[in-house]
Amino acid sequence: MLPAGQRSDVRVRVALALVSAVAPLAALAQPAPTTAPSTPPGESTSPRWLRVLADSVNLRSRPDANSVVVMRVERDAVLKAIGRDTYGWYPVEPPAGVFSYVGAAYVDRRSPTEGVVSVREGALRVRVGSRVHDLDPWQSEVHARLEAGARVRIVGEQGDWLKIEPPAGVCLYVSTEHVAPIDDETAARLRAAESATSRPAEQGGSPPAPAVAEPDLRGPWGQRLVMVEAAIAAESERSPAEQQWDGILVRLRPIAEQREEPAVARLASAWMAQLQQRQAELATLREADEVLRRLARDQAQHERELERIARARQAATRPAPEVRGELRRSDALELRPGQRWYKLLDPLTGRVTAYVEVGPTATPDPEDFVGRYVAVRGSRRPAPHLGADILEPEEITPVGPAEPASQPARTGP
């Protein structure tokens, strides 16, 4: 298990981004319905609260899966519904950060953030903006119209267009598959937790870090997370080449997906993201190691090849072995068709030092040197049955008066 100080630091850093500094953790653990009840015909469409059940849910411009994705919200976000569509979509008020487009030429700027619609006739078209996709305002659909004199709040600019807060009456749509109705008390607690851990999208700069409590790990899911924490610490002790995180990710997944202990689920999700990042880094490291090993093997093979080439060159430049003796014809050997045989004799002992084999058109021709003491260079092969090697001459050179190949033993002064 990680040291207490380091473990606490990890948990607090993750909790800073995930857990409320104000609402008690138990408030986030209240079970939520898995499906949204239908609205009976004729029931009032008065506002109610919706809790997001999936990790990332699209808010769209129309109740249509092919419409523009305006924004994405995360699990446990709270949306204010204003009714329910017959075909399984909730209309909701646009959350903070959603914007619309209007032509800048038709807005009289009163301040950097305030403006008044100024059109001579008709109404000013208000077009859909998106925090998810880059849209061309000219091609974006119209979701509202503003009469002359209407006030708008400006939140940004894009070329000839202003970004404004969506006018009253504009709504977005969320699929009922990914949200569930909650009561006012639960909504208040979730919104308090959300406001303590995040900032409105339109605010700039980094929010101050809230002083949050460490997630309570005394529950059943928290205890399972503690056991996984010990496994993470043990795996981290191994060398990078040996680390395996798949099994630990499998153990973390149900902890991250459970809803009984939301703070523990968030902590498990954060750990999963860190381990998946580590997996990607380890894969890159292993690929680099394999490349280095392959380069080392190739380098070793290259060096061996260079050595072989050097030896071959050395052998090619080394002079052929030389054999000396008196050159005479040899009739003792069985001649192959077209072959001629000669022998080199030691003048002192009469011993054959080598046999010379040549073809009919050999160059040099041994006939020119018969009876003379010569040095013969050429390829040489052993012939044990003859008692001497066989030469195929490449060079025959007279070396002067006959000299014995070996000196006799001295018998006196």
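The structure under discussion appears in the preceding block.
Caption draft 1: Spatial organisation of unusual backbone geometry. Residues other than glycine seldom take positive phi values, yet Asp76 does so here, at roughly 75°. With respect to the secondary-structure elements, Asp76 resides in the loop between β3 (69-74) and β4 (78-81). The buried category is assigned to Asp76, whose relative accessible area is 8%.

Caption draft 2: Highlighting the side chain of Gln258. Looking at the secondary structure, you find Gln258 in the loop between α5 (246-257) and α6 (262-317). Of the residues examined, Gln258 reaches a relative accessible area of 4% and is grouped as buried. A distance of 3.1 Å separates a polar side-chain atom of Gln258 from the backbone oxygen of Ile255. One polar contact links the side chain of Gln258 to the main-chain amide nitrogen of Glu260, over a distance of 2.9 Å. Each residue touching Gln258, except ones within four places of it in the same chain, is listed here: Trp221, Val264 and Ala265.

Caption draft 3: Here's a closer look at the sheet that holds strand β12 (residues 161-164). Pairing within the open sheet is antiparallel, and its seven strands lie in the order β7-β8-β11-β12-β6-β9-β10. Strands at the two margins of the open sheet, each flanked by one partner only, are β7 (107-109) and β10 (142-146). Direction aside, the axes of adjacent strands within the sheet are offset by 45° on average. Where strand β11 (residues 151-158) meets β12, four bridges bridge the pair, whose relative direction is antiparallel. In the sheet register, Glu157 faces β12, and the bridge partner there is Leu162.

Caption draft 4: Here's a closer look at a nonpolar patch on the surface. Together, Val291, Leu292 and Leu295 line one region of the surface with nonpolar side chains, adding up to about 280 Å² of accessible area. Note that Leu295 resides in helix α6. The exposure class assigned to Leu295 is exposed, which follows from its relative accessible area of 51%.

Caption draft 5: Just the nonpolar core, in detail. Leu225, Ile232, Ile248, Leu252, Ile255 and Leu275 are the most contacted members of the largest nonpolar core, which has 20 residues in total. Contributing elements (two or more residues each) for this core: α4 (220-236), α5 and α6. By residue number, the principal contributor to this core is α6, which donates seven residues. Beyond its immediate stretch of four places on either side in the chain, Leu252 contacts Leu225, Val228, Ala268, Trp271, Met272 and Leu275.

Caption draft 6: Expanded view of the sheet that holds strand β15 (residues 322-329). Spatial strand order, β15-β16-β17-β19-β18: five strands in a closed barrel with mixed pairing. With strand direction ignored, the average angle separating the axes of adjacent strands in the sheet is 55°. Sheet analysis places β15 next to strand β16 (residues 340-345), joined by four bridges and oriented antiparallel. Within β16, the residue paired with Glu326 across the bridge is Leu345.

Caption draft 7: Structural view of α4. Here α4 spans 25 Å end to end across 17 residues, near enough to the 24 Å set by a 1.5 Å rise per residue. Taken together, the buried positions of α4 are occupied by Trp221, Gly222, Leu225, Val226, Val228, Glu229, Ala231, Ile232, Ala233 and Glu235.

About the thresholds
- Residues numbered from 1 in each chain as written.
- Predicted model: local features only at pLDDT ≥ 70, side-chain atom pairs only at ≥ 80, totals over all residues.
- Heavy atoms only, no water.
- Helix = DSSP H or I, 4+ residues; strand = E, 2+ residues; numbered from the N terminus.
- Buried < 20%, exposed > 50% of the residue type's maximum accessible area, 1.4 Å probe, protein only.
- Polar contact = N/O pair within 3.5 Å; in protein donor to acceptor, adjacent residues only side chain to side chain.
- Contact = heavy atoms within 4.5 Å.
- Pairing = 2+ DSSP bridges.
- Axes fitted to C-alpha atoms, helices over the stretch in contact; angles between N-to-C directions.
- Patch = residues over 30% accessible without salt bridge, like charges linked within 9 Å, V, L, I, M, F, W, Y side chains within 5 Å.
- Areas by Shrake-Rupley, 256 points an atom, 1.4 Å probe, with all protein chains shown as cover.
- Salt bridge = Lys/Arg side-chain N within 4 Å of Asp/Glu carboxyl O.
- Core = buried A, V, L, I, M, F, W, Y, C linked by side-chain atoms within 4.5 Å.
- Expected span 1.5 Å × (residues − 1).

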